[in-house]
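# Per-entry structural report
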There are 2 protein chains.
Amino acid sequence: MSIQQYPSLLLENAVNEFSKLPGIGRKTALRLSLYMLRQSEHEAESFGNAMIKLRKDIKYCRVCHNISDTDVCQICANPARDSKTICVVESIRDVMSIENTQQFKGLYHVLGGIISPMDGIGPGDLEINSLIKRVENEDVNEVILALGATMEGDTTNFYIYRKLSSYNIKITTIARGVAVGDDLEYADEITLGRSILNRIDFSNALK
Amino acid sequence: MSIQQYPSLLLENAVNEFSKLPGIGRKTALRLSLYMLRQSEHEAESFGNAMIKLRKDIKYCRVCHNISDTDVCQICANPARDSKTICVVESIRDVMSIENTQQFKGLYHVLGGIISPMDGIGPGDLEINSLIKRVENEDVNEVILALGATMEGDTTNFYIYRKLSSYNIKITTIARGVAVGDDLEYADEITLGRSILNRIDFSNALK
């Protein structure tokens, strides 16, 4: 590969910045930079400022640690939501995914990651203590563990389960099973096995 | 499709800005925004400022219209380059592509587009008059037309050819033919036909 010569340091700088983004190589970064060059000065400014402000002015909800424009996020501050049910998720992205289903009316707790010894992430790096404090100090009925169905997710689930088992609350986890719309033949054995073990009353499946 | 609810206006704003970029949908835009959120404040600032500066501070070479950090670009200002040969290209990207080949030692002239009635781009929208002025006022031997092998490219080539034909200069165009490394069976008929018509002396092919 030859060394790309950029006719301008400003362009080279923009290409370098774009190619730091995940999934964006130097060719795409150049294409995006040249696109940016064709925009009006106002548009380029509003793009750049949106990125600077996003990082500088973002707040994290002091209750659930989701991102927020206010001290307490809109979900935690909403009196119509069921504050007795807390859904534990790995990241703010998961909150958005679950909110999009419109099936959950409780509150969230964002851990900010999952236990992963390989990446050097232990329980102390996550918002687990603040979850325990919420269970201790608030009127909580149920904690739903909604982490990914991976080794790390299971480890984290189990760690939280042990920490919370002494409190008089219900601890549940999201259902694993055959995805809606999938044929049985495409489901892996473990998923299919679990979906039989954890079978549900048919009248519930109709809901 | 459901309407995505963002927990923060700052995030929504960043996602909107990212998804304006070509080839970036809202899902990727969200992924990039969340990545930006995980960077340090300094890194986010340097990203945003690179974009703002790129558009605000960029200069165009007053000779060849390539982008440049200075009034006259590094290529035009380089006394080692052959100022008697001008290579006409559509965009600054083409300059970079040709520079990467390290086969051309002349100067460039960036048209800023090609004639395309479908897109409402006529000769007046391009840097054709400034090319004619260069031929008139400078000591030019040869103009190489290096536009894409498309209908629009051919139209633009022909337009420039007619405008320059009264001057005592050589007008050439880049060779069309079978790509290096390609088998004959993969070349289209027109390309293959042209490569036979415009066949070259074998001793030249060895260079």
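Described below are features of the structure shown in this document. Model, not experiment: these values are computed from the prediction.

### Some points on the sheet that holds strand β3 (residues 82-89) of chain B
Residues and elements named next belong to chain B. Pairing in this open sheet of four strands is parallel, and the strands run β4-β3-β5-β6 from one edge to the other. The sheet terminates laterally at β4 (106-110) and β6 (170-173), the two strands that pair on one side only. Recorded for the sheet is a direction-independent mean angle of 25 degrees between the axes of neighbouring strands. Inspection of the sheet shows strand β5 (residues 142-145) paired to β6 by four bridges, in the parallel sense. Bridged to V143 within β6 is I171. Across the sheet, helix α5 (residues 128-137) lies against β3, β4 and β5, angled at about 150 degrees from β4, the strand it touches most.

### Quick notes on the pattern of salt bridges
Residues and elements named next belong to chain A. This structure, assessed with the given rule, holds ten salt bridges over all chains. Residue R62 is joined to D71 by a salt bridge in which the shortest nitrogen-to-oxygen separation is 3.7 Å. Judged by relative accessible area, R62 falls into the exposed class, the value being 60%. Using a relative accessible area of 49% as the deciding quantity, one classes D71 as partly exposed. When the shortest N-O distance is used, the salt bridge between R134 and E138 registers 3.9 Å. For E138, a relative accessible area of 36% translates into the label partly exposed.

### Quick notes on the interface of chain A and chain B
Contact with chain A, which involves 55 residues of that partner, is made by 56 residues of chain B. Roughly 5200 Å² of surface becomes buried between chain A and chain B when both sides are summed, with 68% attributable to carbon and sulfur atoms. It is A:L37, A:R55 and A:M96 that lose the most area in chain A upon contact with chain B, and together they represent 13% of the buried surface on that side. In this structure, the connection of chain A to chain B is made through zero salt bridges. Taken together, the connections running from chain A to chain B amount to eleven residue pairs in polar contact (both at pLDDT 80 or more). Among the secondary structure elements, those contributing two or more residues to the side of chain A that touches chain B are α1 (9-18), α2 (26-38), α3 (41-57), β2 (67-68) and α4 (92-101) of chain A. Considering every element that reaches the side of chain A that touches chain B, the biggest residue donor is α3(A), with 16 residues. For the side of chain A that touches chain B, the per-class residue count stands at 28 nonpolar, 14 polar and 13 charged.

### Thoughts on helix α5 (residues 128-137) of chain A
Residues and elements named next belong to chain A. Burial in α5 covers these residues: I128, L131, I132, R134 and V135. All buried residues of α5 lie within an arc of 155 degrees about the axis, which places them on one face of the element. For α5, exposure combined with an orientation more than 90 degrees from the buried face picks out N129, K133 and N137. On its buried face, α5 sits against β3 (82-89), β4 (106-110), β5 (142-145) and α6 (151-164).

### Topic: the relation of the copies chain A and chain B
When chain A is brought onto chain B, the operation consists of a screw motion whose angular component is 180 degrees and whose axial shift is 0.0 Å, with 0.0 Å RMSD remaining. The transformation relating the two chain copies, once decomposed into turn and shift, fits a two-fold axis. Of every C-alpha in chain A, the one belonging to A:G48 sits nearest the axis of rotation, 1.9 Å from it. Both copies contact each other with a shared surface, as 100% of the interface residues of chain A are interface residues in chain B too.

### Observations regarding the pairing of β3(A)
Residues and elements named next belong to chain A. When β3 meets β4, the two strands line up parallel, connected through five bridges. Looking at the pairing, I86 lines up with L107 of β4. Of the crossover connections in this fold, the one passing from β3 over α4 to the parallel β4 is right-handed. Here β3 pairs with β5 via four bridges, running parallel. Among the inter-strand pairings, V88 is bridged to a residue of β5, identified as L145.

### Quick look at the sheet that holds β3(A)
All names here are of chain A. If you walk across this open sheet you meet the four strands as β4-β3-β5-β6, and the pairing is parallel. Each of the sheet's edge strands pairs with one partner strand only, and the pair in question is β4 and β6 (170-173). Shown here is a sheet whose adjacent strand axes are inclined to one another by a mean of 25 degrees, direction ignored. Relative to β4, α4 is tilted by about 160 degrees, and along the sheet it contacts β3 and β4.

The rules we used
- Numbers given for residues are sequential positions, taken from 1 along each chain in its written order.
- A letter from A marks each chain and a number from 1 marks each ligand, given out in the order of writing.
- In keeping with the model being predicted, local features are shown solely for residues with a pLDDT of at least 70 and side-chain atom pairs are shown and tallied solely at 80 or more, while totals for entire chains, interfaces and linings include all residues.
- Each side-chain value is worked out from all heavy atoms of the structure, with water and hydrogens disregarded.
- Pairs of strands are assigned from DSSP output, requiring at least two bridges between the strands.
- Only DSSP runs of H or I with at least four residues qualify as helices, and only runs of E with at least two residues qualify as strands; both kinds are numbered from the N terminus onward.
- Between the N-to-C directions of two axes lies an angle of 0 to 180 degrees, each axis being a line fitted to C-alpha atoms and, for a helix, fitted only over the stretch in contact.
- Contact criterion: two residues are considered in contact whenever any of their non-hydrogen atoms come within 4.5 Å of each other.
- The term salt bridge refers to a side-chain nitrogen of Lys or Arg lying within 4 Å of a carboxyl oxygen of Asp or Glu.
- Relative accessibility decides the category of a residue: with a 1.4 Å probe and only protein chains considered, values under 20% of the type maximum give buried, values over 50% give exposed, and everything between is partly exposed.
- As a working definition, buried area equals the accessible area (1.4 Å probe) given up by two parts on being put together, with both sides summed.
- Counting of polar contacts relies on pairs of N or O atoms within 3.5 Å, with two restrictions inside protein: one atom must be capable of donating a hydrogen and the other of accepting it, and residues adjacent in sequence are counted only when both atoms are side-chain atoms.
- Residue classes follow a fixed rule: Ala, Val, Leu, Ile, Met, Phe, Trp, Tyr, Cys and Pro count as nonpolar, while Asp, Glu, Lys and Arg count as charged, and any other residue, Gly among them, counts as polar.
- This arc is built from the directions going out from the helix axis to the C-beta atoms.
- Residues below a pLDDT of 70 in either copy are left out; the C-alpha atoms of the rest, at least 70 in both, set the least-squares superposition of the copies.
- Handedness of a crossover is defined as follows: orient the strands so they point away from the viewer, and if the path from the first strand over the helix to the second runs clockwise, the crossover is right-handed.

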